[in-house]
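Residue strings, one per chain:
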Amino acid sequence: MTNAKTRGETIELHGDIWKHIQPGEVVLDAQGITKRYPGGVLANDHIDFKVKAGEIHAILGENGAGKTTLMSILFGLLQPDEGEIYIRGLKVRFRSPEDAIKMGIGMVHQHRKLIPAHSVLENILLGHPRSKGVMKLKEAEEEVAALAKRYGFEIDIRAKVWQLTEGEKQVVEIVKALYRGAKILILDEPTSALTPLETDRLLESIESMTQDALGVVPFITHKLPVVLAISDEVTILRRGRVVDRLKTAEATEQILAQKMVGRPVIFDLQKQPVEPGEPVIQVENLSARNNKGVMALNQVSFTVREGEILGIAGVAGNGQHELAEALFGLRPIEGGRILFLRRDITRASVQERWKLGMGYTPSERTEVGSIPDFSLIENVAMNYYFDARFNHRGLLDYGGLRRLTEQIIDEFDVATPGPDVNIRTLSGGNLQKVILGRVLSRHPKLVIANLPAQGLDVGATEFVQRQLLAAREQKAAVILISEDLDEILSLSDWIAPMYEGEMVDIIPAAEAKKEVIGAMIAGVHQQERES
Amino acid sequence: MTLGGYQVRLQRRVALPGWKAALFSILAVIFGLVLFSIIFLQAGQDPLEIYKQIFSYAFFNSYGLHLTINRFIFLALASFAFIIPAQAGLWNIGMPGQLYLGALAAFGVVYFAGGKSGDLALSAPIIILLMLAASMLAGGAYGAIAGFLKGKWGVNEIVVTMMLNFIAFYLVAFMIKDGGPFMNLGGRGESFELPEAARAPMTGGFPITLWIVFILTILLQVLFSRMSLGYQIRAFGKSPLAARYAGIKPFVIAVLVFTLGGAIAGLAGYHYFAAVPGVYKIARTYGYFGDLSFYGIICGLISLGNPIAALFIALLFGGLSIGGRYAQGKLHLGFGVDYALMGMLMISLVAFQFFYNYQILITKKERALDVDVSD
């Protein structure tokens, strides 16, 4: 649809569109962005927002509020049905991310798209015009290093990506976008996988970027403190619409949460006192290796009784994941013993563990916890295909499974067109509700919840946490694995910080202090003891 | 994309009703036939006449129809042998090997019952049942090797089944060629002929294997849509990790699907060498039937693992291969035209599956003065 004239102009404009930017000037102006998905879902309904140079403009919204759609439109991954995008007053249309990148838009995905076996530098150069033909690696290396230094990023650009922590990978993605000339940086839930320390560091760097009059747009779901800490302005989305736009200075956590969810959110979970009963699970000296064959879980012992929540705190990669899988029989163990209801289940199969009354909600919800191409009913069947209530002499009672699924949808308030749609169409929060609802519908004696609220929005997080508390009140034992110390502190009866595959201690929650636990999961405590 | 003021867009489908899927397949066949008629026109032939010859011979000529049905039975069994492991996400490329083993086992029963020289030690119904059972057992056991290696150590099932095909091919050669135990007394490089009593009974002019195909279709349909086991196979096929988490045992699934698939391939071997009138021996050209069983892969893939759909696809290709060969001879068409036509239809069928996932939307485009940045 382009005639030669506009095409010529475009090329010319590319060169100097980003010259002479004044702080405070509107650099990105999206007007009336509307996107309707097949099936009639209105993901974006006339969304307007502006990003000014030198400003951090946060977009806040629950899962399913339309953030991802908006972001994909801004980055050229999707085309809007209606609406216009202006960059420095110039109307643009992105047919692909390539177009968006050319116009100075950079995007950092939540699920990092890096090649693990390649070095940081190679990943940064991948797709860069410089990587065509003969690469001047030396020159590129200097440029990248200078760029990183400018914004205070500490990365070893020769390291392989698989060696990096999640926080470092995030930095690599940001530097990659900047190196491609991004002037407006879109960050998708930038801190969701980071530890508190890494988060602080990242926020500092993001702030330093605005000095160069870059526009930064972080998309954030549930980390309200992050929004308050870094943004200048915040736009709140709900059900595809802008519900409010305000200066961050005028906002509080309560105000933001209420506007985002559409109802008041109670941050204080009311935990009922429950008298602990018999031991449900007793673990003795459990050891296991990680996927690389390195011992990742070392001689861990603990007991959880009826009506108790054991919170396992720790930074990712300190053995919590291996612990959860070893407990559920998904990972071979190197030593130790597991007693469930005083019965030795160390060698029991996964199916036997389900039948005995164990339940597990994995952190990998789309890869392990559900089958994306199966309907909700078929996903619920994952926990019932062996159950005599739904398996009559080898025939599955799909009618009964349908009723059960409808019941879960109802009780867990799952937003879905119905039980027959593929579960991949559900948002993250709704997916987790189905998984948790399915597991809890078995009334397990033990629930192992691996990062149950990670990546969920405020409303879904609250819901999931309440369900875990409800299971506890019904005398289930709960093992809660979380990287969020606030979550651990507010839900647990006992807290076990993990560091390098060992349980540093097991502390009654009433006596636990956040700073002490924080130090323990960072290994400080360990070093003190050793010295 | 825009065409003359209209915007053409692709949109992902949310759901596809079964009748639409069938409609697209029919359209795909018509499209393929139309496309191929260009080649006929190029060669100065009348495509309508050729298609008339092909289809009337394959489906409306009594002699041709029998050939078509026999080939259909074989292709349907080969498709099922592929579909069962495919539902578990595993590739059975070993139908030839499994069907050779099935055929050898069936002939082995006759051999040990003294049938090579003429008189059978057992009554006809018993010998036929034993032959059917032996062919399934042998094919199943041969398939199970791949399943076991896959389930136990994760050995690639494609490589294993392919290699097993070679072993089985030469095993048949050893058994039926000069000096082999199953050697034809005439020494024509083929096996001994089955005595009258060991040949599969006919019902309504077609061998009983036709009924076996229909029964298997229903059983497979029930297995995958109603049974817990079928659910477990499908769950494993969609996501092995999630299946393991749900307590489904990967080893059991791998061994099971290959045993079932192999057993059905074994039946295909039984069918062609012990049930098709006029054959009743392991022919010198047995390798041709091994290769033919690879069409089961294509039927299985086109039908997307649906046993009922596979039935229709198998019937189509069974008829085309018979009718195409006939028309080629009768109208003096070029060598290999029948295969080229089948290939064209396969490509067309696979290409039309695009419409299973996408629909094309055409909307009037509003013209806007916008700056295009895709230079």
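These lines cover the structure that appears in this document, whether it is placed above or below. (Residues numbered from 1 in each chain as written. Chains lettered and ligands numbered in written order. Predicted model: local features only at pLDDT ≥ 70, side-chain atom pairs only at ≥ 80, totals over all residues.)

### Description of the overall build of chain A
Argument step 1. From N to C terminus, chain A includes 18 helices and 23 strands.
Argument step 2. For chain A, the C-alpha radius of gyration of 25 Å lies close to 24 Å, the compact-globule estimate for 531 residues.
Argument step 3. If you line up chain A on its principal axes, its C-alpha atoms span 80 × 60 × 50 Å.
Argument step 4. The buried share of chain A, reckoned over its 531 residues, is 46%.
Argument step 5. Sequence-distant contacts in chain A: of pairs separated by 6 or more residues, those separated by 24 or more amount to 69%. (Helix = DSSP H or I, 4+ residues; strand = E, 2+ residues; numbered from the N terminus. Rg over C-alpha atoms; globule rule 2.2 N^0.38 Å. Buried ≥ 20, exposed ≤ 12 C-beta atoms within 10 Å, placed from the backbone. Contact = placed C-beta atoms within 7 Å.)

### A word on the sheet that holds strand β14 (residues 333-340) of chain A
Residues and elements named next belong to chain A.
Argument step 1. The antiparallel open sheet is built from four strands, whose spatial order is β12-β11-β14-β15. Both outer strands of the open sheet, β12 (295-305) and β15 (343-344), are each paired with one neighbouring strand and no more.
Argument step 2. Bridge count for strand β11 (residues 279-289) against β12 is seven bridges, and the pairing is antiparallel. From the neighbouring strand, Gln 282 faces β12, where its bridge partner is Thr 303.
Argument step 3. Helix α10 (residues 320-327) contacts β11, β12 and β14 of the sheet and is inclined by roughly 60 degrees relative to β12. (Pairing = 2+ DSSP bridges. Axes fitted to C-alpha atoms, helices over the stretch in contact; angles between N-to-C directions.)

### A short note on helix α3 (residues 62-87) of chain B
All names here are of chain B.
Argument step 1. Taking 1.5 Å of rise per residue, 26 residues should cover 38 Å, and α3 covers 36 Å from first to last C-alpha, within 8% of that figure.
Argument step 2. Counting buried residues in α3 gives 22 out of 26 residues, a clear majority hidden from the surface.
Argument step 3. Once α3 finishes, Gly 89 follows within two positions and takes phi at roughly 75 degrees, a positive value. (Expected span 1.5 Å × (residues − 1).)

### Things to note about the packing of α3 of chain B against helix α10 (residues 250-275) of chain B
All names here are of chain B.
Argument step 1. The geometry of α3 relative to α10 is characterised by a closest axis approach of 7 Å and an angle of 170 degrees between their N-to-C directions. What the angle tells us is that α3 and α10 run roughly antiparallel. Touching Ile 73, Phe 74, Leu 77, Ala 78, Phe 80, Ala 81, Phe 82, Ile 84 and Pro 85 of α3 are Val 257, Phe 258, Leu 260, Gly 261, Gly 262, Ile 264, Ala 265, Leu 267, Ala 268, His 271 and Tyr 272, all from α10.
Argument step 2. When its residues are assigned to classes, the contact of α3 with α10 shows 17 nonpolar, three polar and no charged. (Parallel < 35°, antiparallel > 145°, perpendicular 65-115°, else oblique. Nonpolar A, V, L, I, M, F, W, Y, C, P; charged D, E, K, R; others polar.)

### As for the pairing of β14 of chain A
All names here are of chain A.
Argument step 1. For β11 and β14, the ladder comprises six bridges, and the chain directions are antiparallel. Residue pairing for β14: Glu 284 is matched across the bridge by Arg 337.
Argument step 2. Note that β14 and β15 share two bridges and pair antiparallel. Each residue of the ladder has a partner; that of Leu 339, found in β15, is Asp 344.
Argument step 3. A loop of two residues connects β14 with β15, the two strands running antiparallel in sequence, and Leu 341 in this loop sits at a positive phi of about 50 degrees.

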